[in-house]
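# Notes for the structure review
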Amino acid sequence: MLKVLFLNDFIQEELYVDQPPGFKNSEKPNHIFKLKKALYGLKQAPRAWYECLSKFLLEKGFSRGKVDTTLFIKRN
């Protein structure tokens, strides 16, 4: 599931990409696409995934570590 989340999470920035080789539209060869979701290989993809994961964990009662903010703790 995390792999799907990583690849399909929404991004905050406006990003545009060129048509990939082999998939160019012959009627619009210079057309570019605005991305709505993160793609594997983008620099923004890990950040989008982390934001979604941390939001989920905080909603489930976890707290962030004070020294290492990537560490989430849940105490019973």
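Everything that follows concerns the structure shown earlier in this document.
Overview of the structure. As the structure is a prediction and not an experimental result, all values here were calculated from the model. (Residues numbered from 1 in each chain as written. Predicted model: local features only at pLDDT ≥ 70, side-chain atom pairs only at ≥ 80, totals over all residues. Heavy atoms only, no water.)

## Structural notes on the environment of Leu 35
By the element assignment, Leu 35 lies in strand 2 (residues 32-37). Judged by relative accessible area, which is 12%, Leu 35 ranks as buried. It is 7.3 Å that separates the C-alpha atoms of Leu 35 and Val 17, two residues lying 18 residues apart in sequence. (Helix = DSSP H or I, 4+ residues; strand = E, 2+ residues; numbered from the N terminus. Buried < 20%, exposed > 50% of the residue type's maximum accessible area, 1.4 Å probe, protein only.)

## Section: the pattern of salt bridges
Evaluated as defined, the whole model comprises one salt bridge. With a shortest N-O distance of 3.9 Å, Asp 18 and Lys 24 are connected by a salt bridge. Note on Asp 18: relative accessible area 49%, which makes it partly exposed. For Lys 24, a relative accessible area of 44% gives the class partly exposed. (Salt bridge = Lys/Arg side-chain N within 4 Å of Asp/Glu carboxyl O.)

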